[in-house]
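Chain by chain, the residues run as shown.
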Amino acid sequence: MPQPFTFDDLYLHRKISALSCVPSADRAVCSVKSVDRESDGYRTHLWQFALDGSGGAVLDCSEGSDSSPRWSPQGDRIAFLSGRGGGATQVFVAPADGSTAEQVGRFAESVMNLRWMPDGSGLVVTSAVSVDPDLRGRRSSRPPPKRTSSAAEVVWRLPYKEDGIGYLLKREIHLFALDLATGQERRLSDGPFDVFGFDVSADGRRVAYTRTGEGRYAHRYDLWICDLEDGTHRRLTFGHAMVMQPTWSPDGAHIAFTGAIEEGDAESRLWLVDCASGQVDELGGDDIDVADPQSLHWAADGRSIVFARAWRGRHQVVSIGVPDGRTTVLVGGDRQLGAFGCTGRRLAYSIEHPSMPSELWASDADGSGEARLSNLNPWWADRPAIRLEARQFDVPNGKGGTERIEGWLLQAEAQDDDKPGPLLNDAHGGPAAYALLDFDSNVFWQVLCCRGWRVLALNAVGSATYGREFCQRLAGHWGEYDLPQHLAAVRQLQAEGVCDERVAISGKSYGGYLSSWATGHSDVFKAAVVMAPVGNIETHYGTSDGGYYADPFYVASKPRFDRRVARELSPLQYIEASTTPTLFLQGKDDERCPKCQSEELFVSLYRAGDTPAELVLYPGETHSFLGSGTPSCREDAAERIFEWLERHAGATAAPPIERPTTEEAVA
């Protein structure tokens, strides 16, 4: 007899967070993340799997803090990052069988990323470098002074903070060459900027890298090339606002990368630059939205690129011709992908789906012969099956007409289809994103389904992966165009007998925005859960780590910020009219949608009348508290969501969950 999903299941779930494979080794090495309940944290172990399905196991050298594995080009060694020892994250190298691992080099600050040199003699890495923010980007021969937790944080450029990191201007991120034989490091970049994505050319002579700008604004990224022989640097892109992970063609003539032209545009397109002429062309046009910038893999002949594409709320593995842009779908289906790798002969990937845990799958290069390789989550087989159904809805398009949109409907497989039940309308973030199907962010979905609920995850107007017009139409019309689509979808499900009047709404980030906007503009929802929202766009502009360049794009007033439009589109202006019981959940250290956004909404609603409202702040947690916060935070948030929905919109009023007092918890 299957056991229903519970919130405690998040402590059991293992998730593949990264993988690497190369043509010379028909194996994949994966970083597998699991919960360490005792420390209320996470551990990441390295696992290796044969892509022919003959087996897999955790590597002996893995100590539970290892990540970012990379096969050597020859397939005889694995490089990875580890924080073992409790210090800064360092580089380690192990033989292919993982029998031992040795640290290579000793960086003063944490290493962020790594790539092998083609001959296997060394690595190129990015590492943090401490700087004195009072120098405002200028260089000094003296080392930066040691900083205390109370040291002044001078702000001389934007951005100066980032969610999950905090204050940025006390460090830079730069490129280093690391020799494996000697452990010696050689710095390759210098200046008041940060280096992020990078790749080494097949001849080992050049590094393509993306870096932030210098001066007053550093939120734009450009593509550069570093010549490893003479140390010169050359800029290749000038018109992009965002350039992410570059990938060299086998002959070194071209670099493929993902990025966007406009500031604030979250749709990631595919671009190709000719290294000799500097010509940059879009590859594939409007039909391409790259799901993972790290997924680009050139074919050996340089005539195509294989990558993970986001398409109509799903993920596909596709091959795109170079330079014709002709696209061939290799792996598809009603699902999404996590980590991805390619050997040329095989494809390897993890799958995200409400009815499946995170596991490693593989197929032949053409997508045939798909098979599951891992069994990291055997406990899942003892849980009830969750049905995921792609549904279509006819809704208003915001311009006086109608259009057809898509959404995911979840329910327990054993649910009686003839008996309507309560419905959670879960709104995704972004808004230029789409409903994500991963377990870690949506633990409460499965629990609700086991209790008779249905869950609707709608991709309304403004969602990415449905074309640029559909995505960008929402700019300047937040809430005005998409809420009517959500309401129309709910009405359709009610007419079909899927749900009754017990309808609730929830969402985080932009989903939190839409949930709070909905309660001030509709009485359809019996309960609401608003998480890390944009509640007041006017104050979000100046308090969010990216609001100053993203918000003008989203209120359609770029490059300037229109405060009048921002106020008109802010849920704060309407929240006092709400009669919907609303629970606010917020990471206290959130820099993306700072806690003031939830506080303004909560206080205004609470003082407006007697509508039930609660605010829960999670100390130390960031914008990602629901999916990757501490396990105890995630469990608490999921329990509170479930309790609130059951109490105000469920079949019967549910008593509050009894939690231990401070004294009991300490004892």
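What you see is a predicted model, and the numbers here were worked out from it, not measured in a lab.

Participant: Is there a simple way to explain the sheet that holds strand β38 (residues 582-587) in this structure?
Facilitator: What the eight strands build is an open sheet, ordered β32-β33-β35-β34-β36-β37-β38-β39; its pairing is mixed. What marks the edges here is a single partner per strand, and that holds for β32 (386-396) and β39 (613-618). When strand polarity is set aside, the average angle formed by the axes of neighbouring strands in this sheet is 20°. Pairing of β38 with β39, which is carried by six bridges, proceeds in the parallel orientation. Residue pairing across strands places glutamine 586 opposite leucine 617, the latter belonging to β39.

Participant: Would you mind showing me how to read unusual backbone geometry here?
Facilitator: The amide bond that connects leucine 158 to the next residue, proline 159, takes the cis arrangement and shows omega of -5°. Positionally, proline 159 belongs in the loop between β10 (122-130) and β11 (161-162). Cis geometry is adopted by the peptide bond preceding proline 559, which originates at lysine 558 and carries an omega value of 5°. One can find proline 559 in the loop between α6 (547-554) and α7 (563-568). Although it is not a glycine, arginine 312 sits at a positive phi angle of roughly 50°. Phi is positive for serine 509, which is not a glycine, with a value near 65°.

Participant: Got a minute to help me understand the side chain of threonine 519 in this structure?
Facilitator: With respect to the secondary-structure elements, threonine 519 resides in helix α4 (residues 510-521). With relative accessibility at 3%, the residue threonine 519 sits in the buried group. Within the local environment of threonine 519, its side chain forms a polar contact with the backbone oxygen of serine 516, the two atoms lying 2.9 Å apart. Those residues within four positions of threonine 519 in sequence are excluded, and the remaining contacts are Ala528, Ile575, Ser578, Thr579, Thr580 and Thr582.

Participant: Mind showing me how you'd approach the packing of helix α1 (residues 443-450) against helix α10 (residues 631-649) here?
Facilitator: The description of two packed helices rests on the angle between their axes and on the distance between the axes. Contact geometry for α1 and α10: axes closest at 9 Å, N-to-C directions at 40°. The crossing of α1 and α10 is right-handed. Contact with α1, carried on its side by Val443, Phe444, Val447 and Leu448, involves Arg634, Ala638, Ile641, Phe642 and Leu645 of α10 and no other residues of that element. Counted by class, the contact of α1 with α10 contains eight nonpolar, no polar and one charged residues.

Participant: Teacher, can you tell me more about the pairing of β32 here?
Facilitator: Looking at chain direction, β32 and strand β33 (residues 402-412) are connected through 11 bridges and run antiparallel. Its bridge partner being in β33, arginine 391 is matched across the sheet by glycine 407. Between β32 and β33, which pair antiparallel and follow one another directly, the connecting turn spans five residues, one of which, glycine 398, has a positive phi of 85°.

Participant: Is there a simple way to explain α1 in this structure?
Facilitator: Think of an α-helix as turning once every 3.6 residues; residues three or four places apart then point the same way. When you tally the buried positions in α1, you get seven out of eight residues, the bulk of the element. Just past α1, the residue glycine 452 takes up positive phi, approximately 95°.

Participant: Help me out: how do you make sense of the pattern of salt bridges in this one?
Facilitator: Oppositely charged side chains can pair when the atoms bearing their charge come close. Counting across every chain of the model gives 44 salt bridges. Note that arginine 220 and glutamate 263 form a salt bridge whose closest N and O atoms lie 3.0 Å from each other. Separated by 43 residues along the polypeptide, arginine 220 in the loop between β16 (206-212) and β17 (221-227) and glutamate 263 in the loop between β21 (254-260) and β22 (269-274) bring together distant segments of the chain. Using a relative accessible area of 28% as the deciding quantity, one classes glutamate 263 as partly exposed. For arginine 592, the salt bridge is made with aspartate 545, and the minimal N-O distance between the two is 2.7 Å. Of this pair, arginine 592 sits in the loop between β38 and α8 (595-608) while aspartate 545 is found in the loop between α5 (537-543) and α6, placing the two residues 47 residues apart along the sequence. Note on arginine 592: relative accessible area 34%, which makes it partly exposed. On the accessibility criterion, aspartate 545 (7% relative accessible area) is buried. Each of Asp265, Glu267, Arg269, Asp286 and Arg468 takes part in salt bridges that share partners, so that together they form one network.

Participant: Is there a simple way to explain α8 in this structure?
Facilitator: For α8, spanning 14 residues, the distance from its first C-alpha to its last is 20 Å, which sits close to the expected 20 Å at 1.5 Å a residue. All buried positions along α8 are accounted for by Gln597, Ser598, Leu601, Phe602, Ser604 and Leu605. When α8 is viewed along its axis, its buried side chains cluster within an angular range of 170° and face the same direction. Summarising the contacts, the buried residues of α8 are in contact with α4, β37 (527-533), α5, β38 and β39.

Participant: Even after reading the chapter, I still don't get the side chain of threonine 343, so can you show me in this structure?
Facilitator: Counting through the fold element by element, threonine 343 comes out in the loop between β28 (336-342) and β29 (346-352). From its side chain, threonine 343 meets the backbone nitrogen of arginine 345 in a polar contact 3.2 Å long. In this structure the side chain of threonine 343 is engaged in a polar contact, spanning 2.9 Å, whose partner is the backbone nitrogen of arginine 346. Not counting residues up to four positions away in its chain, the partners in contact with threonine 343 are Cys21, Val22, Pro23, Ala25 and Leu51.

Participant: When you look at the sheet that holds strand β6 (residues 77-82) in this model, what are you seeing that I'm missing?
Facilitator: Two orientations exist for strands paired in a sheet by backbone hydrogen bonds: parallel and antiparallel. With antiparallel pairing, four strands are arranged side by side in an open sheet as β5-β6-β7-β8. Bordering the open sheet on either side are β5 (66-71) and β8 (102-104), each of which pairs with just one other strand. Put simply, the sheet's adjacent strands are angled 35° from each other on average, direction ignored.

Participant: I keep staring at the packing of aromatic side chains and nothing clicks. Help me out?
Facilitator: Each aromatic ring pair is described using two quantities: the centre-to-centre distance and the angle formed by the ring planes. Tallied over the full model, the rule gives 23 aromatic pairs. Pairing phenylalanine 107 with phenylalanine 176 gives two aromatic rings, centres 5.5 Å apart and planes at 80°, and the pair type is edge-to-face. One end of the pair, phenylalanine 107, is in the loop between β8 and β9 (111-116); the other, phenylalanine 176, is in strand β13 (residues 171-179), with 69 residues separating them in the sequence. Exposure remark for phenylalanine 176: the relative accessible area of 7% places this residue in the buried category. Ring plane angle 75° and centroid distance 4.8 Å describe the contact between tryptophan 478 and tyrosine 510, whose orientation is recorded as edge-to-face. Residue tryptophan 478 is found in the loop between α2 (468-472) and α3 (482-495), and its partner tyrosine 510 is found in helix α4; the two are separated by 32 residues along the sequence. With relative accessibility at 3%, the residue tryptophan 478 sits in the buried group. Directly above the aromatic system of phenylalanine 92 lies the positively charged group of arginine 84, at a separation of 4.8 Å from the ring centroid. Taking NZ or CZ as reference, arginine 211 lies 3.7 Å from the ring centre of phenylalanine 193, over its face.

Rules used in this analysis
Residues numbered from 1 in each chain as written. Predicted model: local features only at pLDDT ≥ 70, side-chain atom pairs only at ≥ 80, totals over all residues. Heavy atoms only, no water. Pairing = 2+ DSSP bridges. Helix = DSSP H or I, 4+ residues; strand = E, 2+ residues; numbered from the N terminus. Axes fitted to C-alpha atoms, helices over the stretch in contact; angles between N-to-C directions. Buried < 20%, exposed > 50% of the residue type's maximum accessible area, 1.4 Å probe, protein only. Polar contact = N/O pair within 3.5 Å; in protein donor to acceptor, adjacent residues only side chain to side chain. Contact = heavy atoms within 4.5 Å. Left-handed = near helix turned anticlockwise from the far one by under 90°. Nonpolar A, V, L, I, M, F, W, Y, C, P; charged D, E, K, R; others polar. Salt bridge = Lys/Arg side-chain N within 4 Å of Asp/Glu carboxyl O. Expected span 1.5 Å × (residues − 1). Arc of directions from axis to C-beta. Phe/Tyr/Trp six-rings, centres within 6.5 Å; stacked < 30°, edge-to-face > 60°. Lys NZ or Arg CZ within 6 Å of the ring centre and 35° of its normal.

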